[in-house]
Amino acid sequence: MITMNEFTKEQEESRKKAIFDRMAPRRQQHILKKGYDKWDPFCEPKDPIDIRQDKTKRTTQMLVREFLQTRLTESYSNAYGSGVLEIALGVINDDDRYKGMYDFSCWYQDLLIREGKS
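Residues numbered from 1 in each chain as written. Predicted model: local features only at pLDDT ≥ 70, side-chain atom pairs only at ≥ 80, totals over all residues. Heavy atoms only, no water.

For the protein chain, the count of helices and strands is 5 helices and 0 strands. Along the chain direction, N to C, the helices and strands of the protein chain fall in the order α-α-α-α-α. For 118 residues, the compact-globule estimate of 2.2 N^0.38 gives 13 Å, and the protein chain exceeds it by more than 25% at 27 Å. The dimensions of the protein chain, computed from C-alpha atoms along their principal axes, are 80 × 30 × 25 Å. Summarising the internal contacts of the protein chain: among those between residues at least 6 apart in sequence, 29% fall at separations of at least 24. With the model as given, the accessible surface of the protein chain reaches about 10300 Å², and the carbon-plus-sulfur share is 54%. In the protein chain, 21 positive and 20 negative side-chain charges are present, and the distance between their average locations comes to 5 Å. (Helix = DSSP H or I, 4+ residues; strand = E, 2+ residues; numbered from the N terminus. Rg over C-alpha atoms; globule rule 2.2 N^0.38 Å. Contact = heavy atoms within 4.5 Å. Areas by Shrake-Rupley, 256 points an atom, 1.4 Å probe, with all protein chains shown as cover. Lys, Arg positive; Asp, Glu negative; His and termini not counted. Charge placed at Lys NZ, Arg CZ, Asp CG, Glu CD.)

Shown next, in the form of structure tokens:
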């Protein structure tokens, strides 16, 4: 099988012109506006955005779903669920704001336990 690297410059240009000629006039105008020379119909497709995962290989949605399943449905509101999702996104994206919120929450929980208020 022949790959793109095995075509000569003339063959590539011939193929490019053939593709261009078969396009709808509106699409041709779009390419001409941006520059025919800059247009590469043979470029590799871009990879999809990676799905972010935490250290346990879970996505944000997986973490939120697992966490909320440990709660009684009646015991939390939409605002509660929204907060869970927001902090999960922040932690997975390694955002300092959310790391600070998490660290404070852990510290505060420990404080309440130490003082017998939990």
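Next comes the rest of the description.
This next bit is on the packing of helix α3 (residues 60-69) against helix α4 (residues 78-92). Across the interface, α3 lies against α4 with an axial gap of 9 Å and an inter-helix angle of 140°. With respect to α4, the axis of α3 lies oblique. Crossing geometry of α3 relative to α4 is assigned as right-handed. Where α3 approaches α4, its residues T60, Q61, L63, V64, F67 and L68 are matched on the opposing element by Y80, V84, L85, A88, L89 and I92. Considering only residue class, the contact of α3 with α4 consists of 10 nonpolar, 2 polar and no charged. (Axes fitted to C-alpha atoms, helices over the stretch in contact; angles between N-to-C directions. Parallel < 35°, antiparallel > 145°, perpendicular 65-115°, else oblique. Left-handed = near helix turned anticlockwise from the far one by under 90°. Nonpolar A, V, L, I, M, F, W, Y, C, P; charged D, E, K, R; others polar.)

Here we take up α3. When we look at burial in α3, the residues that qualify are T60, V64 and L68. Projected down its long axis, α3 carries its buried residues within an arc of 55°, all on one side. Where α3 is buried, its residues contact α4. (Buried < 20%, exposed > 50% of the residue type's maximum accessible area, 1.4 Å probe, protein only. Arc of directions from axis to C-beta.)

In this section: a nonpolar patch on the surface. Nonpolar side chains collect at one region of the surface, where F104, W107 and Y108 lie side by side and expose about 340 Å² of accessible area between them. Position of F104 relative to the elements: it lies in helix α5 (residues 96-114). (Patch = residues over 30% accessible without salt bridge, like charges linked within 9 Å, V, L, I, M, F, W, Y side chains within 5 Å. Salt bridge = Lys/Arg side-chain N within 4 Å of Asp/Glu carboxyl O.)

Summed over the entire model, instances satisfying the criterion amount to 5 salt bridges. The salt bridge partner of E66 is R58, with a shortest N-O separation of 2.7 Å. A relative accessible area of 37% places E66 in the partly exposed class. When the shortest N-O distance is used, the salt bridge between R97 and E86 registers 3.6 Å. One end of the pair, R97, is in helix α5; the other, E86, is in helix α4, with 11 residues separating them in the sequence. The class for E86 is partly exposed, based on a relative accessible area of 37%. The network of salt bridges with shared partners includes D94, D96 and K99.

Our focus in this paragraph is the side chain of K16. Within the secondary structure, K16 sits in helix α1 (residues 9-22). Of the side chains bearing the opposite charge, E13 lies closest to the buried K16, which forms no salt bridge; the N-O distance is 4.8 Å.

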